[in-house]
Amino acid sequence: MFVSSNLSVGKNGHLVFAGVDTVSLAEEYGTPLYVMDEAMIRTNMGQFRDSVEQYYHGGGLVCYASKAFSCKEIYRIAKSEQIGIDVVSIGELYTAMSVEFPAEKICYHGNNKTEEELNLAIEYGVGWIVADSFSELELLNRIAGEQRKNVKVLLRLTPGIEAHTHSFIQTGQIDSKFGFTIQFGTAMEAVKQALALPNLLLDGVHCHIGSQIFEIDPFVHAAEVILSFIAQVKDELGYELHTMNLGGGFGIRYVPADQPAAYRSYMEQVSKKVKEIVAEKGLTLPFIILEPGRSIVGAAGITLYRVGGIKEIPGVRKYVSVDGGMTDNPRYALYGSEYDFILANKAGEEKVDTVTVAGRCCESGDLLGKDVALQNAQIGDILASCATGAYNYSMASHYNRVRKPAVVMLRDEKARLIVRRETLNDLISCDL
Ligand SMILES: *Cc1c(COP(=O)(O)O)cnc(C)c1O
């Protein structure tokens, strides 16, 4: 009945998340509130990590794509699970550095990294910088030279694969702002340039075909395309690329109808294909990097709101307004993303109503869900939105000068604050 195994109903009829009464959490920490389940995060990280060991024998590293949820604590958890991370900005890098995240396990992405960002990344000694353009290769080479370092580089490729997902979160197709296109020979040119630049160590290639993908086939296909490219580079230039980064994009269950594939079967099928092609083309098994983001933290989070207003337009629609909205979860406004909602203090009751959940911003598009099933709502109820662990807190904004909510982490049925709620003073702290 719930979208995730860490949700249940307590004896008092309240929604229980990771063993903790969510109504009590709302009372203790206030609303809106992000709540995360540490056990599930660790299990997900561990499953990806172990599946690489179990099914693949060429060595690999799971790099949690931290744009999905970034704060000090998640980097501490990733560090203790001995996995790596992806960062895409100096802010994420700085946060990871603040908890001494091992530099050699960091992969740095982005289609327009600034000189300031590359300087810090190279200074800290990140494991890989994923180069996205010719001009960036030049810039990297210059900065590396200035710092008298060699920089390990992956080239971001666009493999020309269209995964079945929303166009804004699709990234592998030819018409993309990211990377070097394989089809027009651009990627081969990039390899030549990277090899010619003295301060760069060309370690491999990267692709990321999109997000919230349920099928395994597009991933297997991407691995095929990338390996064919590695073979082509070996044939034409006599240089064998060592690392193949296959990106992230594994889907999660937002609503009951979603059926994501088991994450282990991803590595199982990809490994099989990779071994096959490597044998056929006479290549060495590449080092594989995976970059799951959403699938690590998505189902491990919920958001709690308080219902503040109810408006019924007869024969049209019933609005249930909550004390958050697009400022803490812009995904409905951005992509029309669906979520499952539950009244936390009435979780044992039937969902007898159909409502539209509205946020509090001055924006008609500030909705969290349209025509969703819900228990009978009254002002003061606690509304839970499920599977909000990814791309919610990390996409939060200050629109309307709304303060960002706190984040609470649950472990062993105990809660601890990992990001405190913003104060009014935080809001004006940069204003001069
Ligand atoms: C966003 C992103 C990921 C993670 O995507 P998910 O869908 O959250 O798994 C991985 N790699 C790159 C390069 C990304 O941009």
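What you are looking at is a predicted structure, and each value in this text was computed from that prediction instead of being measured.

**With respect to the domain arrangement of the protein**
Each assigned domain of the protein is listed with its residue range as follows: domain 1 (7-30 + 300-427) and domain 2 (38-297). In this complex, domain 1 contributes 21 residues to the contact, which on the side of domain 2 involves 23 residues. Both faces considered, domain 1 and domain 2 share a buried interface measuring about 1900 Å² in area, 62% of it formed by carbon and sulfur atoms. Together, Ala300, Tyr335 and Tyr391 form the three largest contributors to the area buried by domain 1 at its contact with domain 2, with a combined 30%. Linking domain 1 with domain 2 are three salt bridges, by the criterion used here. Across the pair Arg416 and Glu73 runs a salt bridge whose closest N-O atoms are separated by 2.6 Å. On the surface where domain 1 and domain 2 come into contact, there are eight residue pairs in polar contact (both at pLDDT 80 or more). Here the side of domain 1 that touches domain 2 is composed, by residue class, of 13 nonpolar, three polar and five charged.

**Quick look at the sheet that holds strand 3 (residues 20-21)**
Judged by pairing direction, the sheet is antiparallel, and its three strands sit side by side in the order 1-2-3 without closing on themselves. Each end of this open sheet is capped by a strand with a single partner; those strands are strand 1 (7-9) and strand 3. Strand direction decides the pairing type here: strand 2 (residues 15-17) and strand 3, joined by two bridges, are antiparallel. Directly across from Val16, in strand 3, lies its bridge partner Asp21.

**Looking at the pattern of salt bridges**
Under the definition given, this model contains 20 salt bridges. Residue Arg42 is joined to Glu38 by a salt bridge in which the shortest nitrogen-to-oxygen separation is 2.9 Å. Of the two residues, Arg42 and Glu38 are both situated in helix 2 (residues 38-55); the distance of four residues between them amounts to about one turn of the helix. Take Glu38: its relative accessible area is 1%, and that puts it in the buried class. For the salt bridge of Arg411 with Glu38, the shortest nitrogen-to-oxygen distance reads 3.2 Å. Highlighted residues: Arg411 in strand 20 (residues 406-411) and Glu38 in helix 2, separated in sequence by 373 residues. Because the salt bridges share partners, they merge into one network encompassing Glu38, Arg42, Arg49, Asp50, Glu73, Arg76, Glu81, Arg411 and Arg416.

**A closer look at unusual backbone geometry**
Here Thr31 and Pro32 are connected by a cis peptide whose omega angle stands at -10°. Position of Pro32 relative to the elements: it lies in the loop between helix 1 (22-29) and strand 4 (33-37). The phi angle at Ala387 is positive, at roughly 55°, despite the residue not being glycine. In this structure, Ala387 sits in the loop between strand 19 (382-386) and strand 20. Classification of Ala387 by relative accessible area gives buried; the value is 3%. A positive phi is found at Glu413, a non-glycine position, where the angle reads about 60°. Note on placement: Glu413 falls in the loop between strand 20 and strand 21 (414-419). Classification of Glu413 as exposed rests on a relative accessible area of 57%.

**Let's talk about the UniProt feature "active site" (unreviewed entry) in the protein**
The UniProt record marks Cys362 with the feature "active site" (unreviewed entry), using the residue numbering of this structure. Mapped onto the secondary structure, Cys362 falls in the loop between strand 17 (353-358) and strand 18 (367-374). With near-sequence residues (within four places) excluded, Cys362 lies in contact with Tyr399 and Asn400.

**Overview of the environment of Gly91**
Mapped onto the elements, Gly91 comes out in helix 4 (residues 90-98). Along the primary structure Gly91 and Glu117 are separated by 26 residues, whereas in three dimensions their C-alpha atoms are 9.0 Å apart.

**So, the packing of aromatic side chains**
The final tally for this structure, using the stated rule, is twelve aromatic pairs. With a centroid separation of 6.3 Å and an interplanar angle of 25°, the aromatic rings of Trp128 and Phe287 are classed as stacked. Taken as a pair, Trp128 in strand 8 (residues 128-131) and Phe287 in strand 13 (residues 287-290) lie far apart in primary sequence, 159 residues in all. Aromatic side chains Phe219 and Tyr266 sit 5.1 Å apart centroid to centroid with 90° between the ring planes, which places their arrangement in the edge-to-face category.

**Details of the nonpolar core**
Ile41, Tyr64, Phe69, Leu137, Leu155, Phe229 and Val297 are the most contacted members of the largest nonpolar core, which has 113 residues in total. Each of domain 1 (7-30 + 300-427) and domain 2 (38-297) contributes no fewer than three residues to this core. What Phe69 contacts, discounting residues up to four positions off in sequence, is Met36, Tyr64, Ile74, Val297, Gly389, Tyr393, Ser394, Val407 and Ile418.

**Regarding helix 4**
Taken together, the buried positions of helix 4 are Glu92, Leu93 and Ala96. On an axial view of helix 4, the arc spanned by its buried residues comes to 100°, and they lie on one face. Taken together, the buried residues of helix 4 touch helix 3 (72-80), strand 6 (84-87), strand 7 (106-108) and helix 5 (115-124). The positive-phi residue at the C-terminal boundary of helix 4 is Glu100, with phi of around 55°.

**A few points about the site of the ligand**
Close contacts around the ligand come from 15 residues, with Lys67, Ser211, Glu291, Arg294 and Tyr391 the closest. Interatomic distance of 2.2 Å between a side-chain N/O atom of Ser211 and an oxygen atom of the ligand. Between Gly293 and the ligand, the recorded distance is 2.9 Å, taken from a backbone N or O atom to an oxygen atom. In the complex, 94% of the free accessible area of the ligand, which totals 390 Å², lies under the protein chains. Grouping the constituent residues of the shell around the ligand by class yields three nonpolar, seven polar and five charged.

Quick notes on the rules
- Along each chain, residues carry numbers from 1 onward, in the same order as the chain's sequence is written.
- Per-residue local features are limited, in this predicted model, to residues with pLDDT of at least 70; the limit for side-chain atom pairs, both in listing and counting, is 80 or more; totals at the level of whole chains, interfaces and linings are taken over all residues.
- The basis for the side-chain values is all heavy atoms of the structure; hydrogens and waters are excluded.
- Where a domain begins and ends is set by an automatic assignment or by a domain database.
- Between two residues, a contact is recorded if the distance between any of their heavy atoms is within 4.5 Å.
- Here the quantity called buried area is the accessible surface, traced with a 1.4 Å probe, that two parts lose on coming together, added over both.
- Salt bridge, as used here, is a side-chain nitrogen of Lys or Arg placed within 4 Å of a carboxyl oxygen of Asp or Glu.
- N or O atoms closer than or at 3.5 Å make up a polar contact, with two conditions inside protein: a donor-capable atom paired with an acceptor-capable one, and, for residues adjacent in sequence, both atoms drawn from side chains.
- Basically, the charged four are Asp, Glu, Lys and Arg, the nonpolar ten are Ala, Val, Leu, Ile, Met, Phe, Trp, Tyr, Cys and Pro, and anything else, Gly included, counts as polar.
- Each pair of strands is called paired provided DSSP finds at least two bridges between the two strands.
- Going along the chain from the N terminus, every DSSP run of H or I of four or more residues is numbered as a helix, and every run of E of two or more is numbered as a strand.
- In this scheme, a residue with accessible area under 20% of its type's maximum is buried, one over 50% is exposed, and one in between is partly exposed, where area comes from a 1.4 Å probe on protein chains only.
- UniProt positions are given in the numbering used here, feature names are shortened, and annotations may be inferred rather than shown by experiment.
- The pairing test for Phe, Tyr and Trp rings, Trp by its six-membered ring, is centres within 6.5 Å, and the orientation test on the planes gives stacked under 30 degrees, edge-to-face over 60, and tilted for anything in between.
- Residues grouped as a nonpolar core are buried Ala, Val, Leu, Ile, Met, Phe, Trp, Tyr and Cys residues, joined through side-chain atoms within 4.5 Å.
- To obtain the arc, one takes the directions from the helix axis to the C-beta atoms.
- Only heavy atoms are used to decide nearness, and a residue is near a molecule or strand if one of them lies within 4 Å of it.
- All accessibility values rest on the Shrake-Rupley procedure with a 1.4 Å probe; residue burial counts only the protein chains present in the view.

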